[in-house]
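Coordinate inspection notes
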Amino acid sequence: MNRTLKERIESLGLNYVKEMIIAFSFTLISFVFALLIYFFLKELIYAGITLVIGVSISILYLSRYSSLEKKVEKEHVDELVSLLSYFEIFISNGNNVYTSFRLLLPYCSLFMEDAINSLLNHIDADKTVGPYIQFASKFNNRIVESLLLSIYQMVDNGENISQFSEFDLLFSNIKEKYLTDLIDEKKKSLDFLNSFPLFGAGAITITLSMCIIQIIGEYINVI
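For clarity, every value in this text was computed on a predicted model and none was experimentally measured.

1. A few points about the overall build of the protein
Assigned secondary structure in the protein consists of ten helices and zero strands. If you list the helices and strands of the protein from N to C, you get α-α-α-α-α-α-α-α-α-α. Going through the 223 residues of the protein one by one, you find that 25% of them count as buried. Across the protein, contacts joining residues at least 24 apart in sequence account for 56% of those joining residues at least 6 apart. Working note: accessible area of the protein is about 15000 Å², and carbon and sulfur atoms make up 65% of it.

Okay, structure coming up:
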């Protein structure tokens, strides 16, 4: 189900009213500056550019929620992958799946603690795969779904050594691929930062061009 903008903002722990005030303040301030530029300097082009910049900043500010949501989702998956390393240790020490999940609670964030407690409560009432799928749906990630299905199969087949070995192999492969993807993502972000000087040079070139055009225009008017 699609959530409203207010629900998305509040799910990120942000204040909806405060966010709206900040976003529209950029437009309002740019509008005031545009009027001042037009009435005192008589520069319609610069007034228009100022207004466009303010509106663009407002739009960018409001559009950042998608990246914030992706960041939070990634943090949750990172935490779960880290916790499952402890989960493996608890299982290998002879604890069952239910107990191993409960032993993770002291190491959890508030989100993860709530998610695991919900999983355990649902397992108490439902011994099918349902609770595991519901838990995986909180992360919106195929990796988590695969891991939880593997854990359920371990429970469904009596939590024997062979089932644990299958989960251990799957988790090791997924963790290795996940870490590789994280490294690749970090490299891409660094490559993007390297392009910032080019953007700066382009902005300076555009600014100088506009100044030259204005000077030439004023010179022509004088002639």
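2. Some points on the packing of helix α5 (residues 97–104) against helix α6 (residues 110–125)
Packed helices, taken two at a time, are described by the angle between their axes plus the distance between the axes. In contact at an axis separation of 10 Å, α5 and α6 are set at 155° when each is read in the N-to-C sense. It follows that α5 is roughly antiparallel to α6 by the angle criterion. Of the two elements, α5 crosses α6, and the hand of that crossing is left-handed. From α5, Tyr-98, Phe-101, Arg-102 and Leu-104 reach across to α6, where they touch Ile-116, Leu-119, Leu-120, Ile-123 and Asp-124. For the contact of α5 with α6, the residue count by class is seven nonpolar, no polar and two charged.

3. A short note on the packing of aromatic side chains
Taken as a whole and assessed by the stated rule, the structure comprises eight aromatic pairs. On the numbers, 5.8 Å between centres and 85° between planes, the contact of Phe-111 with Phe-139 is edge-to-face. Taken as a pair, Phe-111 in helix α6 and Phe-139 in the loop between α7 (130–137) and α8 (142–156) lie far apart in primary sequence, 28 residues in all. The exposure class of Phe-139 is buried, given its relative accessible area of 2%.

4. Regarding the pattern of salt bridges
Enumeration according to the criterion identifies three salt bridges in this entry. A salt bridge links Glu-19 to Arg-64; the shortest N-O distance between them is 3.1 Å. Here Glu-19, found in helix α2 (residues 16–41), pairs with Arg-64, found in the loop between α3 (44–63) and α4 (65–92); they are 45 residues apart in sequence, far enough to count as distant. For Glu-19, a relative accessible area of 5% translates into the label buried. Where Lys-74 meets Asp-78, a salt bridge forms, and the shortest distance between an N and an O atom there is 3.0 Å. You can see Lys-74 and its partner Asp-78 sitting in helix α4, four residues apart, about one turn around the helix. Taking relative accessible area as the criterion, Lys-74 reaches 30% and is therefore assigned partly exposed.

5. Some thoughts on α7
If you check which residues of α7 are buried, you get Pro-131, Tyr-132, Phe-135 and Ala-136. Projected down its long axis, α7 shows its buried positions confined to an angular sector of 135°, all on one face. Buried residues belonging to α7 abut α4, α5, α6 and α8.

6. As for the packing of α6 against α7
Where α6 contacts α7, the axes come no closer than 9 Å and their chain directions differ by 165°. One way to sum up the angle between α6 and α7 is to call them roughly antiparallel. Classified by chirality, the crossing of α7 by α6 is right-handed. Along its contact with α6, which presents Met-112, Ala-115, Ile-116, Leu-119, His-122 and Ile-123, the element α7 presents Pro-131, Tyr-132, Gln-134 and Phe-135. The residue makeup of the contact of α6 with α7, split by class, is eight nonpolar, two polar and no charged.

What counts and how
Residues numbered from 1 in each chain as written. Predicted model: local features only at pLDDT ≥ 70, side-chain atom pairs only at ≥ 80, totals over all residues. Heavy atoms only, no water. Helix = DSSP H or I, 4+ residues; strand = E, 2+ residues; numbered from the N terminus. Buried < 20%, exposed > 50% of the residue type's maximum accessible area, 1.4 Å probe, protein only. Contact = heavy atoms within 4.5 Å. Areas by Shrake-Rupley, 256 points an atom, 1.4 Å probe, with all protein chains shown as cover. Axes fitted to C-alpha atoms, helices over the stretch in contact; angles between N-to-C directions. Parallel < 35°, antiparallel > 145°, perpendicular 65-115°, else oblique. Left-handed = near helix turned anticlockwise from the far one by under 90°. Nonpolar A, V, L, I, M, F, W, Y, C, P; charged D, E, K, R; others polar. Phe/Tyr/Trp six-rings, centres within 6.5 Å; stacked < 30°, edge-to-face > 60°. Salt bridge = Lys/Arg side-chain N within 4 Å of Asp/Glu carboxyl O. Arc of directions from axis to C-beta.

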